[in-house]
Amino acid sequence: EVVAIFIATVLATFGGEWDILLATQILWINLVTDAFPALAIGVEKAEPDIMQQKPRSAKAGFFSDGMGINVIFQGTVVGLLTLAAYSIGEFVFRDHVLGMTMAFGTLAFTELAHSLNVRSMDKSLFTIGFFTNKTLTLANIASLTSSSFILYISNLARPKVE
């Protein structure tokens, strides 16, 4: 989200229409698409081999051991996908509102997919299982359903751009 909005803001300073998301869309993503899965990840069970893992140093920062690179890489991928979706709507279909809607949908749904990705730092989703955290599954279904309503119900689908 930060990467997409930052790059769009920089591009807008060079001219052109790069208002990729409305404030209400950003608020929706932060409150609905991010909050419920984040809370559900908080109840993720500990990995079975956690006691065999070497403890982290007390002096190690949060972004140590490759975590910083991981955050930057994943954020950049999601941001670039969001910008690509906006660009298709804006510049290929020549519809600013469609571009904003595509950016919103891409960001909302990639963040839900990303919530599955961050459950473990060293095990794949196929190893830990898609549905082993039932709270996360329900949170993703609720977020997916509510975001789909926003995209597909005609009165809610097209953002009011002033």
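Presented here is an overview of the structure given in this document. (Residues numbered from 1 in each chain as written. Predicted model: local features only at pLDDT ≥ 70, side-chain atom pairs only at ≥ 80, totals over all residues. Heavy atoms only, no water.)

1. Quick word on the layout of surface pockets
The test is simple: The method works on a 1 Å grid over the protein atoms by themselves. A cavity is a set of points holding a 1.4 Å probe that cannot get out, a pocket is an open set with protein on both sides within 12 Å along at least five of seven lines, and residues with an atom within 4 Å of a point line them. Grid points are joined across faces, edges and corners, and a volume is the space filled by probe spheres set on the points. Any residue outside Ala, Val, Leu, Ile, Met, Phe, Trp, Tyr, Cys, Pro, Asp, Glu, Lys and Arg is labelled polar, Gly included; the first ten of those are nonpolar and the last four are charged. By the criteria applied, helices consist of DSSP H or I runs no shorter than four residues and strands consist of E runs no shorter than two, each listed in order from the N terminus.
Estimated volume of the largest pocket: approximately 840 Å³. Of the residues assigned to the lining of the largest pocket, the class counts are 11 nonpolar, 8 polar and 9 charged. Taken together, 24 residues line the second largest pocket, and the ones lying closest to its centre are Val71, Gln74, Gly75, His114 and Val118. Taken together, the elements giving at least two residues each to the lining of the second largest pocket come down to helix 1 (2-13), helix 2 (23-41), helix 3 (67-92) and helix 4 (96-117).

2. Topic: helix 6 (residues 134-152)
Applicable threshold: To estimate how far a helix should reach, multiply one less than its number of residues by 1.5 Å. Throughout, exposure labels follow a simple rule: accessible area from a 1.4 Å probe, protein chains only, divided by the maximum for the residue type, with under 20% read as buried, over 50% as exposed, and the rest as partly exposed.
With 19 residues, helix 6 should reach 27 Å at 1.5 Å per residue; the first-to-last C-alpha distance of 26 Å fits that figure. The set of residues buried in helix 6 consists of Leu136, Thr137, Ala139, Asn140, Ser143, Ser146, Ser147 and Leu151.

3. With respect to the environment of Leu125
Quick note on the threshold: By definition in these notes, contact holds between two residues if any of their heavy atoms fall within 4.5 Å.
Tracing the backbone shows Leu125 in helix 5 (residues 125-128). Contact partners of Leu125, with chain neighbours within four places excluded, come to Leu116, Arg119 and Phe130.

4. Comments concerning the packing of aromatic side chains
The condition is simple: Geometry of aromatic contacts follows a simple scheme: Phe, Tyr and Trp rings, the Trp one being its six-membered ring, pair when their centres are within 6.5 Å, and the pair is stacked under 30 degrees between planes, edge-to-face over 60, tilted otherwise.
Under the counting rule described, the total for this entry stands at 5 aromatic pairs. For the pair Trp18 and Phe91, a centre-to-centre distance of 5.4 Å together with 50° between the ring planes defines the contact as tilted. One end of the pair, Trp18, is in the loop between helix 1 and helix 2; the other, Phe91, is in helix 3, with 73 residues separating them in the sequence. Classification of Phe91 by relative accessible area gives partly exposed; the value is 37%. Judged by centre distance (6.2 Å) and plane angle (40°), the rings of Phe130 and Phe131 are tilted. Taking the relative accessible area as the measure of exposure, Phe131 reaches 61% and is therefore exposed. Through a chain of ring-to-ring contacts, the aromatic side chains of Trp18, Tyr86 and Phe91 assemble into a single cluster.

Any link to function would need more than the numbers given here.
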